[in-house]
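Take a look at the letters that make up each chain.
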Amino acid sequence: MNSLIAIVEGDGEVRALPALLRRIASRLGRYDVTIQTPIRVHRDKFLNDSHEFRRMLRLASTKARDGRVMVLLDADDDCPVTLMRKIKEGARSIIPVSQSLSVVIAQKEYEAWLLAAADSLAGQRGLPVDLVAPPNPESIRNAKGWLSERIANGRYHEVSDQAAFSATFDIDQALAASRSFRKFYKECEEALRSGSAGV
């Protein structure tokens, strides 16, 4: 595999996910993988409009070429496992069998991964220097709001803050505290370690 493209639902993930994927690739010693700009979709339309679902997956498949397609969505109030299986089953009739596919559902939302490693974000971008991660970050329905409440003189800005935090949060801490992040990381390991690279 020498290329990876993701389908995401938010403007924040369009910038944040490549930063996070590059960090993970670096940890795994893979500097020869092209991380493409993610394709942004409207979650409800992607999940409920079969034409849009096929169109976005075909676009991702074409862009990935011999690489991997990754779908990363927030669970919100859905069961992550059920949603993941639904997407995977539907995608397999669209993505060629020869092409790798990963589907990851962040428990509640992507920002729950940031909350899982909140200690490592202390003092950054207006967050207090004594910031402590909540005990069960994936149980918080509004992780963006949790961050906004703690940013001095402002609020959490998804596009800029999500990317900045994704570039610096403690990956090991997030792995320890977030089950869905462990699933995401495992999928990244599989993607980045499979096949020969060489862009």
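Parameters at a glance
Residues numbered from 1 in each chain as written. Predicted model: local features only at pLDDT ≥ 70, side-chain atom pairs only at ≥ 80, totals over all residues. Heavy atoms only, no water. Helix = DSSP H or I, 4+ residues; strand = E, 2+ residues; numbered from the N terminus. Buried < 20%, exposed > 50% of the residue type's maximum accessible area, 1.4 Å probe, protein only. Expected span 1.5 Å × (residues − 1). Core = buried A, V, L, I, M, F, W, Y, C linked by side-chain atoms within 4.5 Å. Contact = heavy atoms within 4.5 Å. pLDDT = per-residue confidence, 0-100. Phe/Tyr/Trp six-rings, centres within 6.5 Å; stacked < 30°, edge-to-face > 60°. Lys NZ or Arg CZ within 6 Å of the ring centre and 35° of its normal. Pairing = 2+ DSSP bridges. Right-handed = clockwise from strand over helix to strand, strands pointing away. Salt bridge = Lys/Arg side-chain N within 4 Å of Asp/Glu carboxyl O.

Examining unusual backbone geometry
Item 1. Residues other than glycine seldom take positive phi values, yet K108 does so here, at roughly 65°.
Item 2. With respect to the helices and strands, K108 occurs in the loop between strand 5 (100-106) and helix 5 (111-116).
Item 3. Residue class for K108 comes out buried when judged on its relative accessible area of 18%.
Item 4. The phi torsion at N153 lies on the positive side, around 55°, for a residue other than glycine.
Item 5. Relative to the elements of secondary structure, N153 occurs in the loop between helix 6 (143-150) and helix 7 (158-166).
Item 6. On the basis of relative accessible area, N153 is assigned to the exposed category, the value being 85%.

Things to note about helix 1 (residues 11-27)
Item 1. Counted at 1.5 Å a residue, the expected span for helix 1 with its 17 residues is 24 Å, and the 25 Å between its end C-alpha atoms agrees.
Item 2. Every buried residue of helix 1 is listed here: G12, E13, A16, L17, P18, L20, L21, I24 and A25.

Observations regarding the nonpolar core
Item 1. Of all hydrophobic cores here, the largest spans 45 residues; its most connected members are L20, I24, W113, F169, I171, F181 and F184.
Item 2. With residues up to four places along the chain from it excluded, the contact list for L20 reads Y110, W113, S166, F169, I171, F181 and F184.
Item 3. F53, V71, L83 and L101 belong to the second largest nonpolar core, which has 24 residues in total.

Observations regarding the confidence of the model for the protein
Item 1. With 96% of its residues at a pLDDT of 70 or more, the protein has an overall mean of 93.
Item 2. Throughout residues 195-199 the model reports pLDDT below 50, and contacts reaching past four residues in sequence, or to other chains, amount to 14 contacts.

Examining the packing of aromatic side chains
Remark: the centre distance and the inter-plane angle together describe each pair of aromatic rings, the angle taken between the planes.
Item 1. Throughout the structure, instances matching the rule amount to eight aromatic pairs.
Item 2. Plain terms: the ring middles of Y156 and F165 are 6.4 Å apart, the flat faces sit at 15° to each other, and that makes the pair stacked. You'll find Y156 and F165 in the same group, each marked buried.
Item 3. Ring centres of F181 and Y185 lie 6.4 Å apart, and the angle between their planes is 45°; this geometry places the pair in the tilted category. Of this pair, F181 and Y185 are both found in helix 9 (residues 179-193), four residues apart, which corresponds to roughly one turn of the helix. Taken as a pair, F181 and Y185 share a single burial class, namely buried.
Item 4. Three or more aromatic residues link up through ring pairs in this structure, and these residues are Y110, W113, F169, F181, F184 and Y185.
Item 5. In this structure, R23 packs its charged tip against the face of F169, placed 5.5 Å from the ring centre.

Overview of helix 6
Item 1. Regarding helix 6, the residues found buried are A143, G145, W146 and L147.
Item 2. On the buried face of helix 6, the contacting elements are helix 5.

A closer look at the pairing of strand 5
Item 1. Counted residue by residue, strand 5 has six buried out of seven residues, so it is predominantly covered.
Item 2. As judged from the seven bridges shared by strand 4 (residues 68-74) and strand 5, these two strands associate in the parallel manner. The residue bridging V69 from the neighbouring strand is L101, located in strand 5.
Item 3. Each parallel crossover has a hand, and the one from strand 4 via helix 4 (residues 80-91) to strand 5 is right-handed.

Regarding the pattern of salt bridges
Item 1. With the rule as written, the count across this model stands at 16 salt bridges.
Item 2. Its salt-bridge partner being E149, residue R150 comes within 3.4 Å of it at the nearest N-O pair.
Item 3. For E149, a relative accessible area of 66% corresponds to the exposed category.
Item 4. Between K183 and E187 there is a salt bridge, with the nearest N and O atoms lying 2.7 Å from each other. One end of the pair is K183 and the other is E187, both in helix 9 and four residues apart, which spans about a single turn.
Item 5. Residue class for E187 comes out buried when judged on its relative accessible area of 7%.
Item 6. Here the salt bridges do not stand alone but share partners, grouping E9, R43, D44, D76 and D78 into one network.

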